[in-house]
Amino acid sequence: MGVCLLAGGLAIWGAGHSQLPAMLIALLLGACSGPLRRNPLLAPGLILTVRSLTRCGVALLGLQISLGTVLQLGGGSLFFLVGATAATIGLTILAAPLFGQRRDFGLLIGGATAVCGASAALAISALLPPSGRLNRHLSFTIMVVTLLSTIAMVAYPAGLLALGFSDERAGFVLGASIHDVAQVVGAGYAMSDTAGETAVVVKLFRVMLLFPLVFVLAHLNRRSGGTGSKPRLPLFILVFLMGVLLNSMGAIPVPLVDATTLISQLMLTASVFAVCVLTPFLEVRRVGPAPAALSALATLLILCFAVAASVFLPTFR
């Protein structure tokens, strides 16, 4: 676990001294460190990192979200974001067999695209039965979503400027369509402070949707297990929700929020590194072009929803 945290720290440091996102650097470091999974001293810690640090990192994301800030978007915008998230995940799950993939892979891609990128993929994977196939799918999802999000960070602002979008409207589109938080920040503030602030608020609401998504998945998981008992929400999502409530009440000092934001990022980048070390990337390469096409379709869907909302919602007229 210490090795993974060190790699996560290197990825964050590298992101601060380059144009590459930390998740992508962690992915590349993990892909180059495959022999570590054959080390009997390190392998158990790699598995523990994926299972434990993932949950802890997602739980701490709640401290970054304030209900008061999110509610400033207005009812119409929030209703659209919920609908767009559900539609993107649902359509991706339904389309997965058309691309020769299982529906759980469609769930990973759809959740990562519609909610918060690699963080959502890690949270969803924590509810699925562990297997080598899940590790391959998770690694591929993180890789392709991070790549598409980075492309979007560069391409979307230029496209929105060419189309003559106002700063507020452009910020809404960026926050509603780009997968990872870091790329949303980069794209928004590259346009203007107004676009950046709007994009971040919209994106944080999408991150907050991780709570109902995981609750629904936990419920379906319990039903499919045939136990008949009431569904239990995973502890890390309860902590996530508690963080949202505490931050909304102003009970958390700003320096502590900043510190937990960094700790959360460190845990999640360490988890991405561990997942990639545990995954034979030659097998990931054999996944083929169809899953990449499914990922691109999901990205296009959420972008179309975001542009349509920014045009038709009264808030942005």
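The sections below set out a description of the structure shown in this document. For every chain, the first residue of the written sequence is number 1, and numbering continues from 1 along that sequence. Side-chain atom pairs in this predicted model are given and counted only at pLDDT of 80 or more, local residue features only at pLDDT of at least 70, and totals for whole chains, interfaces and linings cover all residues. Excluded from the side-chain calculations are hydrogens and water; all other atoms, namely the structure's heavy atoms, are used.

Focus on the overall build of the chain
Next up, step 1: For the purposes of this entry, the term helix denotes a DSSP run of H or I that reaches at least four residues, the term strand denotes a run of E that reaches at least two, and both are numbered from the N terminus. When you go through the chain residue by residue, the secondary structure sums to 16 helices and zero strands.
Next up, step 2: With C-alpha atoms as the basis for the radius of gyration, the globule rule is written as 2.2 Å multiplied by the number of residues raised to the power 0.38. Over its C-alpha trace the chain gives a radius of gyration of 19 Å, about what one expects of a compact globule, namely 20 Å for 317 residues.
Next up, step 3: Counting only C-alpha atoms and orienting by the principal axes, one finds that the chain spans roughly 60 × 45 × 45 Å.
Next up, step 4: Across the 317 residues in the chain, those meeting the buried criterion constitute 51%.
Next up, step 5: A total of about 14000 Å² of accessible surface is found on the chain, and carbon and sulfur atoms cover 70% of it.
Next up, step 6: Distance between charge centres in the chain, computed from 18 positive and 8 negative side chains, equals 20 Å. Three exposure classes are used, based on accessible area relative to the maximum for each residue type with a 1.4 Å probe and protein chains only: buried under 20%, partly exposed in between, and exposed over 50%. In this description, accessible areas are obtained by the Shrake-Rupley approach with a 1.4 Å probe, and a residue is regarded as covered only by the protein chains that are shown. Just so you know, the count uses Lys and Arg for positive and Asp and Glu for negative, and it drops His and the chain ends. Working definition for charges: the position is that of NZ of Lys, CZ of Arg, CG of Asp or CD of Glu.

Some details on the pattern of salt bridges
Next up, step 1: A carboxyl oxygen of Asp or Glu within 4 Å of a side-chain nitrogen of Lys or Arg is what we treat as a salt bridge. On inspection of all chains with the given rule, the structure shows two salt bridges.
Next up, step 2: Where Arg102 meets Asp104, a salt bridge forms, and the shortest distance between an N and an O atom there is 3.7 Å.
Next up, step 3: Across the pair Arg133 and Asp104 runs a salt bridge whose closest N-O atoms are separated by 3.0 Å. Pair noted here: Arg133 is in helix H8 (residues 132-162) and Asp104 is in helix H6 (residues 103-116), with a separation of 29 residues, a long-range link.

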